[in-house]
Amino acid sequence: MKPKIFIDGEHGTTGLQIRARLAGRDDLDLVSIPVERRKDPAARADFLKGADIAILCLPDAASREAVALLGNDSTTRVIDTSTAYRVDPGWAYGFAELTEGQADKIAQARFVANPGCYPTGAIGLIRPLVEAGILPTDYPVTVNAVSGYSGGGKQMIAQMEDPHAPDAITAPHFLYGLALSHKHVPELQTHGKLSRKPIFSPSVGRFAQGMLVQVPLFLGDLNGNPSLADLHAALSKSYGHAGVVEVVPYADGMALPRVDPTELNDTNRMKLFVFGTEGGGQANLVAVLDNLGKGASGAAVQNMDLMLRTAA
Ligand SMILES: NC(=O)C1=CN([C@@H]2O[C@H](COP(=O)(O)OP(=O)(O)OC[C@H]3O[C@@H](n4cnc5c(N)ncnc54)[C@H](OP(=O)(O)O)[C@@H]3O)[C@@H](O)[C@H]2O)C=CC1
Ligand SMILES: CC(=O)N[C@@H](CCC(=O)OP(=O)(O)O)C(=O)O
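Quick notes on the rules
- Residues numbered from 1 in each chain as written.
- Chains lettered and ligands numbered in written order.
- Predicted model: local features only at pLDDT ≥ 70, side-chain atom pairs only at ≥ 80, totals over all residues.
- Heavy atoms only, no water.
- UniProt positions renumbered as here; feature names shortened; annotations may be inferred.
- Near = heavy atom within 4 Å.
- Polar contact = N/O pair within 3.5 Å; in protein donor to acceptor, adjacent residues only side chain to side chain.
- Areas by Shrake-Rupley, 256 points an atom, 1.4 Å probe, with all protein chains shown as cover.
- Helix = DSSP H or I, 4+ residues; strand = E, 2+ residues; numbered from the N terminus.
- Nonpolar A, V, L, I, M, F, W, Y, C, P; charged D, E, K, R; others polar.
- Domains from an automatic or database assignment.
- Buried < 20%, exposed > 50% of the residue type's maximum accessible area, 1.4 Å probe, protein only.
- Pairing = 2+ DSSP bridges.
- Axes fitted to C-alpha atoms, helices over the stretch in contact; angles between N-to-C directions.

Under an unreviewed UniProt entry, the protein chain has the name N-acetyl-gamma-glutamyl-phosphate reductase and belongs to Tianweitania sediminis. Here is the UniProt Function (unreviewed entry) comment for the protein chain, exactly as written: "Catalyzes the NADPH-dependent reduction of N-acetyl-5-glutamyl phosphate to yield N-acetyl-L-glutamate 5-semialdehyde." Reading the Subcellular location (unreviewed entry) entry of the UniProt record for the protein chain gives the comment "Cytoplasm".

Trainee: In this structure, what is going on with the site of ligand 1? I would like to understand it.
Mentor: Around ligand 1, 25 residues are found, and the nearest of them are Thr13, Arg38, Lys39, Leu58 and Lys154. One nitrogen or oxygen atom from the side chain of threonine 13 is found 2.6 Å from an oxygen atom belonging to ligand 1. Between an oxygen atom of ligand 1 and a side-chain N or O atom of lysine 154, the distance comes to 2.6 Å. For ligand 1, the accessible surface in isolation is 910 Å², of which the surrounding protein chains cover 83%. Of all the secondary structure elements, the ones that give two or more residues to the shell around ligand 1 are α1 (13-22), α3 (60-70), α6 (153-161) and α10 (293-308). By residue class, the composition of the shell around ligand 1 is seven nonpolar, eleven polar and seven charged. The residue makeup of the shell around ligand 1 includes at least three contributed by each of domain 1 (4-115 + 296-308) and domain 2 (117-291).

Trainee: It is not clear to me how the site of ligand 2 should be interpreted in this structure. Could you clarify?
Mentor: Near ligand 2 you find 15 residues, and of these Arg86, Cys117, Tyr176, His182 and His184 are the closest. Here an oxygen atom of ligand 2 sits 2.9 Å away from a polar atom, N or O, in the side chain of lysine 183. Contact with the protein chains covers 85% of the free accessible surface of ligand 2, which is 420 Å². Looking at the shell around ligand 2 residue by residue, the class counts come to five nonpolar, eight polar and two charged. Both of domain 1 (4-115 + 296-308) and domain 2 (117-291) provide at least three residues apiece to the shell around ligand 2.

Trainee: When you look at the UniProt feature "active site" (unreviewed entry) in the protein chain in this model, what are you seeing that I'm missing?
Mentor: With numbering matched to this structure, UniProt assigns "active site" (unreviewed entry) to Cys117. On the secondary structure map, cysteine 117 appears in helix α5 (residues 117-131). Relative accessible area serves as the criterion here: at 12%, cysteine 117 is assigned to the buried category.

Trainee: Just checking my understanding: could you explain the sheet that holds strand β1 (residues 4-8) for this structure?
Mentor: Strands pair in a sheet through their backbones, by hydrogen bonds, and they do so in one of two ways: parallel or antiparallel. Overall, parallel pairing links the six strands, which are arranged β2-β1-β3-β4-β6-β5 in an open sheet. The sheet terminates laterally at β2 (29-31) and β5 (92-93), the two strands that pair on one side only. Taken together, the three bridges between strand β4 (residues 77-80) and strand β6 (residues 111-113) define a ladder with parallel strand orientation. Considered in β6, the bridge of aspartate 80 is made with alanine 113.

Trainee: When you look at the sheet that holds strand β10 (residues 211-218) in this model, what are you seeing that I'm missing?
Mentor: Here we have seven strands laid out as an open sheet, ordered β8-β9-β7-β10-β13-β12-β11, and mixed in their pairing. The sheet terminates laterally at β8 (173-175) and β11 (245-247), the two strands that pair on one side only. Adjacent strand axes in the sheet meet at a mean angle of 20 degrees when their direction is disregarded. Sheet topology note: the β11/strand β12 (residues 270-275) ladder contains three bridges and is parallel.

Laid out in structure tokens, this is it:
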């Protein structure tokens, strides 16, 4: 029998993208709740309990409600795309390339928390350097990022695309998260293995999809005063070659006139760059990804496929 997959929140931005990614798959039985019952707890409970894997594409509160609706006797496996469970030790963190053994952990897990889009870029850059002993855990990490506006879901898409919306946004680019208490900070700190709370400054640009995440570093404040080549080698060692996460050769990155946040749209890939001048004492580490690809829907499908490896 084909594994039954239910997407709770299938009409939202992340849910629709997952449906599109699964559209051509004949190895799955993708079940769908009638649209008029999508918020009916009894109907959701039936679909959730009837699935082999439920993918939650909901706001945090509705994700928690879905997990509660499953109750104690269900065996449905869950992938949650919200922020609700990302630092919960009972859930596997769904970043397969995070560290050795993480893909197997996801494959075996009942509960998988899909990473946030910004944290995917930042943790992807930070974690290998911490594990290599190069980045001290108490380093004052700053993360500066720009996202396409689909990162804000249906509400922000309407704000950016409909000039007549009562809360329309007209800015071509804007900063937010100004109180430095964005909901991604605990996730950045926990999975970045940082003892000091990082500063996270996100922004949104007038493009629908795509993302750039930057982590600037002063090399003299890192362990062993590493070169740019040392940083690049540590990242390359962590991710290998030809995987979902690609570490761009230093010279190739430095030959670029600019970095385009939309470059990897509609893929599940992420590119990591080390920028700076050798001997200059500074580096800017940069990640490019699709906020709806490796940052959300692509990663959810990747995690689902890992979990299906261990399906009964
Ligand atoms: N967009 C992105 O780039 C990313 C999003 N995420 C996370 O994914 C999750 C979904 O986000 P996104 O798709 O952008 O958001 P959207 O607002 O686009 O979609 C959310 C969907 O959830 C539905 N919904 C809300 N409450 C309930 C409920 N009680 N029961 C059933 N359905 C409900 C909404 O229905 P309706 O519209 O009818 O109210 C909507 O279809 C969020 O937790 C978000 O933080 C994670 C990474 C990246
Ligand atoms: C542009 C924008 O608003 N982005 C969202 C994050 C999108 C994302 O990563 O979703 P999670 O919060 O589930 O991780 C925000 O900053 O809240």
